[in-house]
Amino acid sequence: SAHVVPKRRAVMSMLPLPLPLAATCARTQFVLTSVQVRLAAILDDVLRRYEGSGGERALLRSLRDEVSDGRALTLPPLATQPRGDPDEPARWRSWAQPCVGRTWLDVPWFFAENYFYRVIMEYIGYFAESRHDPFLGAKRDNFLGAKASILALSQQQSAADLSTATGKLFLLALWGNTADLSLNPTGIDIDSSAHHGGMPSDKLLINDVKYVHERLLQLAAQGAELAIVLDNAGFELYCDLCLAGTFQIFW
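To keep things clear, this report deals only with the structure shown in the data block.

Cut-offs applied
- Residues numbered from 1 in each chain as written.
- Predicted model: local features only at pLDDT ≥ 70, side-chain atom pairs only at ≥ 80, totals over all residues.
- Heavy atoms only, no water.
- Helix = DSSP H or I, 4+ residues; strand = E, 2+ residues; numbered from the N terminus.
- Buried < 20%, exposed > 50% of the residue type's maximum accessible area, 1.4 Å probe, protein only.
- Contact = heavy atoms within 4.5 Å.
- Expected span 1.5 Å × (residues − 1).
- Arc of directions from axis to C-beta.
- Phe/Tyr/Trp six-rings, centres within 6.5 Å; stacked < 30°, edge-to-face > 60°.

Thoughts on the overall build of the protein
And then number 1: When helices and strands are tallied, the protein shows 11 helices and zero strands.
And then number 2: Starting at the N terminus and walking to the C terminus, you meet the elements of the protein as α-α-α-α-α-α-α-α-α-α-α.
And then number 3: Of all 251 residues assigned to the protein, the portion counted as buried reaches 37%.
And then number 4: Within the protein, counting contacts between residues at least 6 apart in sequence, those at least 24 apart form 72% of the total.

Encoded structure:
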């Protein structure tokens, strides 16, 4: 029934939260690889493309070695801030304070990942004057590498039934995460069955698409606003835009 999902979420909300994952956590090797190998590889790609000053490149190399070697976090002063948000560096300092003296491998994974990108922006002076996107080349390569998949998907016929079409596009947006830029900077290996419509719903632990579809209809009828947070690029962005295009039908 339609009440199954709210009941399940009510039970889950009463369960104690697990401790945050860290790279040294014995529960999973994935986090260790994600921090120590993947983040270092991302900086290797940035350094290969970035044409900034020698000082900036030296700072990026030091960050790369810190992460890959599992050293203690360097906490730069974060002297720059996004336009219109002067308190942003202070917030980061407060979040980083409990991590003083700890390594990249034993701080919470979520913090390590986000702080990593914030430090990159600081080291290249992104908020000060450069406004140069150090990932622009990777985004471009990812998109061009996915061109065949994008063309193939764009030629597929949409389902006549709105509920079925919405379900397929939610699956597309979900499986599009396998083309995440941080996992596949170049996009060379993007052309897989998942990107040509082979999006197996039987691989999902929970699938609430039917209830999401019903909720979207309710919200549209109420005149609610729908906000979409954009944080992707390349093929993954294309998948999200397909889903966003379907939302326009509801509204």
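Considerations on helix H10 (residues 209-221)
And then number 1: Helix length check: H10 (13 residues) gives 18 Å between terminal C-alpha atoms against 18 Å at 1.5 Å per residue, within 8%.
And then number 2: When H10 is considered as a whole, its buried residues turn out to be Val-209, His-213, Leu-216 and Ala-220. Down the axis of H10, the buried set is contained in an arc of 60°. They therefore lie on one face. Exposed and oriented more than 90 degrees from the buried face of H10 are Lys-210 and Ala-221.
And then number 3: Those residues of H10 that are buried are in contact with helix H9 (162-175) and helix H11 (234-250).
And then number 4: Gly-223 sits one or two positions beyond H10 and adopts a positive phi of about 75°.

Looking at unusual backbone geometry
What you tend to see is this: most non-glycine residues have negative phi, and most peptide bonds are trans.
And then number 1: At Leu-78, a residue that is not glycine, the phi angle is positive and equals roughly 50°.
And then number 2: Turning to its location among the elements, Leu-78 is positioned in the loop between helix H3 (54-69) and helix H4 (88-96).
And then number 3: Accessibility expressed as a relative area gives 2% for Leu-78, which makes it buried.

Quick look at the packing of aromatic side chains
And then number 1: In this structure the tally under the stated criterion is 11 aromatic pairs.
And then number 2: A centroid spacing of 5.8 Å and a plane angle of 65° characterise the contact between Tyr-117 and Phe-135, whose relative ring orientation is edge-to-face. Within this pair, whereas Tyr-117 is found in helix H5 (residues 109-123), its partner Phe-135 is found in the loop between helix H6 (126-130) and helix H7 (136-145), the two being separated by 18 residues in sequence.
And then number 3: Judged by centre distance (5.4 Å) and plane angle (80°), the ring pair of Tyr-126 and Phe-127 falls under edge-to-face.
And then number 4: Assessed through its relative accessible area of 22%, Tyr-126 is described here as partly exposed.

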